[in-house]
Each structure stands twice: as C-alpha cells, then as structure tokens.
Amino acid sequence: MSEALISIRSRIAAASLAAGRPADAVQLVAVSKLQPWDHIAPVFDGGQRVFGENRVQEAKERWAQHRGQIELRLIGPLQTNKARDAVAFFDVIETLDREKLARVLADEIQAQGKAPRLYVQVNTGEEPQKAGIIPAEADAFVAACRETYGLNVEGLMCIPPADEDPAPHFRMLADIAARNGVAKLSMGMSDDFEVAVACGATSVRVGSALFGSR
Ligand SMILES: *Cc1c(COP(=O)(O)O)cnc(C)c1O
C-alpha cells in the first residue's frame, strides 16, 4: 500500500472541503508514464483505478495485462496516425486540440462503434512548444467539435506554463468551460493540484508526487 497515495488523496479531499466542495468532488488521475511497475504496483494495490499515460504505444505495453481493471486516460499529444489505436485502447482522450484530429477521431469512433470520452486541450499560456487550442479559438473549436464532427466534449484540459502562477490559467479554463457548457476540468499536477482544486478542477493529474521522479 502506497503512503503517497494515502497522502495525495487526503490532500485532494482537504483542498476540496476548503473550497466548499464535497470531499469526493475531484478524481485523482495517477500519471504512470515512464514509471517501472514496481513503482506503480503499490498504488494499484492501494485501489487506484484511474491512470494517465502520455503515449499510446507505451500505455499499451504497460497496461495490457490490467487493461480491464482500470480507466485509462491519454494526456499526451495525439498524432492522427495513432488515432485508431487511441480510440481502441483509451477510455478518455484529453488532448483533442485541432480540427484534423477531431475529424479523424469522429471517423474512428464511427468505424469502431466505441467512443472514448473527450477533453479539449487549451494552451492557456499560448506557448509555442505546447499543444492545445489557443484561448481565443476555444469557443469556436468546441462548437465545431460538437456541430461539425458530432463529438461529445466532456471536459477541458490545460497545462499552465511552468514558470507562472497557475491560478489565472486554471480560472481561464474554468471560464471557457462555463460559457461553453462543458462540465469537466482536468487541471493540476504534482506541484499545483491543490490550487487547481480551489479553481474548480474535477480531476487532477498527479505523477511524480505519487510514484517518485521519472
Ligand atoms: C507528466 C504529466 C503530468 C504529471 O506531472 P507530475 O508533475 O509528475 O505530477 C500531468 N499532466 C500531463 C499532461 C503530463 O504530461
């Protein structure tokens, strides 16, 4: 059983209560990318069943044996040539960020008769090296996902710039979600998940604080 899992769960619950939200308002997504199984096993054995991965192929290798027991979320950039595998393997894709990908995902969902839940990634800091739709285009992009491609946008996701106060970025994401009628917010990582909970996160993506450094 993982001490880190107990600690992170209690910090999420405390941050939720402090924000006037129910203790169980926020889901923990355990980010297992690049971790060896002996780091993951205590967290899995502790009952954690929602995991995040950055890469399709790596996720398939790591989780093939336990796939039926967990919810798996893709949180890294998705190339269109991996969309078929991603739709087949993941329960949630958090990195929908461009029209071409929306079109390919819509086609794959139709072809496979299986629809992962989808989050639109927003590049709130407008960082050139980072994926995500820029904030000024987010409303139109969410509308296009829904109306042009028939996709159900469950949530929004962001990764704030590493060197900035994350709170304004989290609040911006919450505003975009509210005005577009999007229910879920994936925001907050090891260093800032309590801030994200205060700003309305419905899930936080925690890696190194749970499993150790990568
Ligand atoms: C790696 C990663 C995380 C986890 O980061 P930590 O700082 O280790 O908690 C969360 N979200 C995304 C998109 C990531 O790539």
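Please refer to the structure higher up on the page.
These numbers come from a predicted model, not from an experiment.

Considering the overall build of the chain
Each helix and strand in the chain was counted, giving nine helices and eight strands. Computed over C-alpha atoms, the radius of gyration of the chain comes to 16 Å, within 12% of the 17 Å expected from 2.2 N^0.38 for 214 residues, which places it in the range of a compact globule. With respect to the three principal axes, the spread of C-alpha positions in the chain is 45 × 40 × 30 Å. Taking all 214 residues of the chain together, the buried fraction comes to 53%. Considering only contacts within the chain whose residues lie at least 6 apart along the sequence, 55% involve residues at least 24 apart. Across the chain, 24 positive and 28 negative side-chain charges occur, with their mean positions spaced 4 Å apart.

Here we look at the pattern of salt bridges
A complete count under the given rule lists 13 salt bridges for this structure. By sharing partners, the salt bridges in this structure join Glu71, Arg73, Glu94, Arg117 and Glu154 into a single network.

Thoughts on the site of the ligand
Around the ligand, a shell composed of 13 residues is seen, among which Lys33, Ser190, Gly207, Ser208 and Arg214 lie nearest. Burial of the ligand by the surrounding chains reaches 91%, relative to a free accessible area of 390 Å². Partitioned by chemical class, the residues of the shell around the ligand number six nonpolar, four polar and three charged.

With respect to the nonpolar core
Membership of the largest hydrophobic core comes to 61 residues, with the highest contact counts inside it found for Phe51, Leu96 and Val120. Counting residues per element, this core draws most heavily on helix H7 (residues 167-179), which supplies six residues. Among the nonpolar cores identified, the runner-up in size contains five residues, and Val31, Ile75, Tyr119 and Met157 belong to it.

Definitions and cut-offs
- Residues numbered from 1 in each chain as written.
- Predicted model: local features only at pLDDT ≥ 70, side-chain atom pairs only at ≥ 80, totals over all residues.
- Heavy atoms only, no water.
- Helix = DSSP H or I, 4+ residues; strand = E, 2+ residues; numbered from the N terminus.
- Rg over C-alpha atoms; globule rule 2.2 N^0.38 Å.
- Buried < 20%, exposed > 50% of the residue type's maximum accessible area, 1.4 Å probe, protein only.
- Contact = heavy atoms within 4.5 Å.
- Lys, Arg positive; Asp, Glu negative; His and termini not counted.
- Charge placed at Lys NZ, Arg CZ, Asp CG, Glu CD.
- Salt bridge = Lys/Arg side-chain N within 4 Å of Asp/Glu carboxyl O.
- Near = heavy atom within 4 Å.
- Areas by Shrake-Rupley, 256 points an atom, 1.4 Å probe, with all protein chains shown as cover.
- Nonpolar A, V, L, I, M, F, W, Y, C, P; charged D, E, K, R; others polar.
- Core = buried A, V, L, I, M, F, W, Y, C linked by side-chain atoms within 4.5 Å.

Scope: geometric values only; no functional claims are made or implied.
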